[in-house]
Amino acid sequence: MENYMDALNWRYAVKKFDPSKKVSDHDFDILMEAARLSASSYGLQPYKVLVINDKKMRERLKAVSWGQSQITDASHLIVIANQTDFGDELVDDYLRNAAITREITEESLKDYGAMMKSSLTPLSPDQKAKWTGKQAYIVLGNLLSAAASLGIDSCPMEGFDAKKYNEILGLDDKSLNAAVVMTIGYRSEEDKTQHYKKVRKTKGDLIVHI
């Protein structure tokens, strides 16, 4: 892509992938690094990015994804799973990592950690799950843009049974929930959707200056 805007205009939600075309390991590593570098509230990253490689597993997931062919035909299937519950350890793990990365003491981050805990720990289980779910969608947005910049097709997908995904992938026992699915690869020439003009609101309808 010549520039970022070209990439955004080029991308669309692919309905039919070419199963014979695979994303290179090099490009996939770039996408995973984009996921790792994604913004998240406080930088806590309360989610996991699952890459489903097993073909039989993908067939099982397709069955609980309304039979959508992208699940099995795309080069890669990614499930972004948000944490459904957490305690102080979420913040403590971050502080430990921050101290090592920035070569400072954990003690120097004590007040910042206390502030985060006072905001997050008292939340109800439902509030925690909703908050982490929002963080998962930030990752999705970054991955969609990163893929487009590399000329890689993608499709964000909510058409799946999250409870069944959690059961098949064993997520419940890990306090994780399948928040959203993303398939990546290369569009099939038979996908008529690629020829549709992109429909978006005008800036005047979308953007409000206050």
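Just so it is clear, the model here is predicted, and its values are computed rather than measured.

K.L.:
Which parts of the structure should I look at to understand the pattern of salt bridges?
P.N.:
Oppositely charged side chains can pair when the atoms bearing their charge come close. This structure, assessed with the given rule, holds seven salt bridges. A salt bridge links Lys-16 to Glu-190; the nearest nitrogen and oxygen atoms lie 4.0 Å apart. Taken together, the positions of Lys-16 in the loop between helix H1 (4–10) and helix H2 (25–36) and Glu-190 in the loop between strand S4 (176–185) and helix H9 (203–206) put the pair 174 residues apart, joining distant regions of the chain.

K.L.:
Can you help me understand the packing of helix H5 (residues 88–102) against helix H6 (residues 110–120) in this one?
P.N.:
In a packed pair of helices, the relevant descriptors are the angle between the two axes and the axis-to-axis distance. One can describe the packing of H5 onto H6 by two numbers: an axis separation of 9 Å at closest approach and a directional angle of 155°. Relative to H6, the element H5 is oriented roughly antiparallel. Crossing hand, H5 versus H6: right-handed. Facing H5, whose interface residues are Asp-88, Val-91, Asp-92, Tyr-94 and Leu-95, H6 presents Tyr-112, Gly-113, Met-116 and Lys-117.

K.L.:
Would you mind showing me how to read the sheet that holds S4 here?
P.N.:
To summarise the sheet geometry, strands pair through backbone hydrogen bonds and adopt either a parallel or an antiparallel arrangement. One open sheet holds the four strands; their spatial order is S1-S2-S4-S3, and the pairing between them is antiparallel. The open sheet has two edge strands, strand S1 (47–52) and strand S3 (153–157), and neither has a second partner. Averaged over all pairs of adjacent strands, the angle between their axes in this sheet comes to 25°, without regard to strand direction. Where S3 and S4 come together, five bridges link them in antiparallel fashion. In the sheet register, Cys-155 faces S4, and the bridge partner there is Thr-183. Sheet strands touched by H2: S1, strand S2 (76–83) and S4. Its angle to S1, the strand with the most contacts, is close to 165°.

K.L.:
I tried to follow unusual backbone geometry on my own but got confused; where do I start?
P.N.:
Positive phi, normally seen in glycine, also occurs at Tyr-42, with a value near 65°. Position of Tyr-42 relative to the elements: it lies in the loop between H2 and S1.

K.L.:
Even after reading the chapter, I still don't get the nonpolar core, so can you show me in this structure?
P.N.:
Counting 22 residues, the largest nonpolar core has Leu-61, Val-79, Tyr-165, Leu-169 and Val-181 as the members making the most contacts within it. At the level of elements, S1, S2, S3, helix H8 (162–169) and S4 are the ones that each hand at least two residues to this core. With sequence-adjacent residues up to four places away left out, Val-79 is seen in contact with Lys-48, Val-49, Leu-50, Ile-52, Tyr-165, Leu-169, Ala-178, Val-180 and Val-181. If you look at the next biggest cluster of nonpolar residues, it comprises 20 residues, including Leu-31, Ala-136, Val-139 and Val-180.

Analysis parameters
- Residues numbered from 1 in each chain as written.
- Predicted model: local features only at pLDDT ≥ 70, side-chain atom pairs only at ≥ 80, totals over all residues.
- Heavy atoms only, no water.
- Salt bridge = Lys/Arg side-chain N within 4 Å of Asp/Glu carboxyl O.
- Helix = DSSP H or I, 4+ residues; strand = E, 2+ residues; numbered from the N terminus.
- Axes fitted to C-alpha atoms, helices over the stretch in contact; angles between N-to-C directions.
- Parallel < 35°, antiparallel > 145°, perpendicular 65-115°, else oblique.
- Left-handed = near helix turned anticlockwise from the far one by under 90°.
- Contact = heavy atoms within 4.5 Å.
- Pairing = 2+ DSSP bridges.
- Core = buried A, V, L, I, M, F, W, Y, C linked by side-chain atoms within 4.5 Å.
- Buried < 20%, exposed > 50% of the residue type's maximum accessible area, 1.4 Å probe, protein only.

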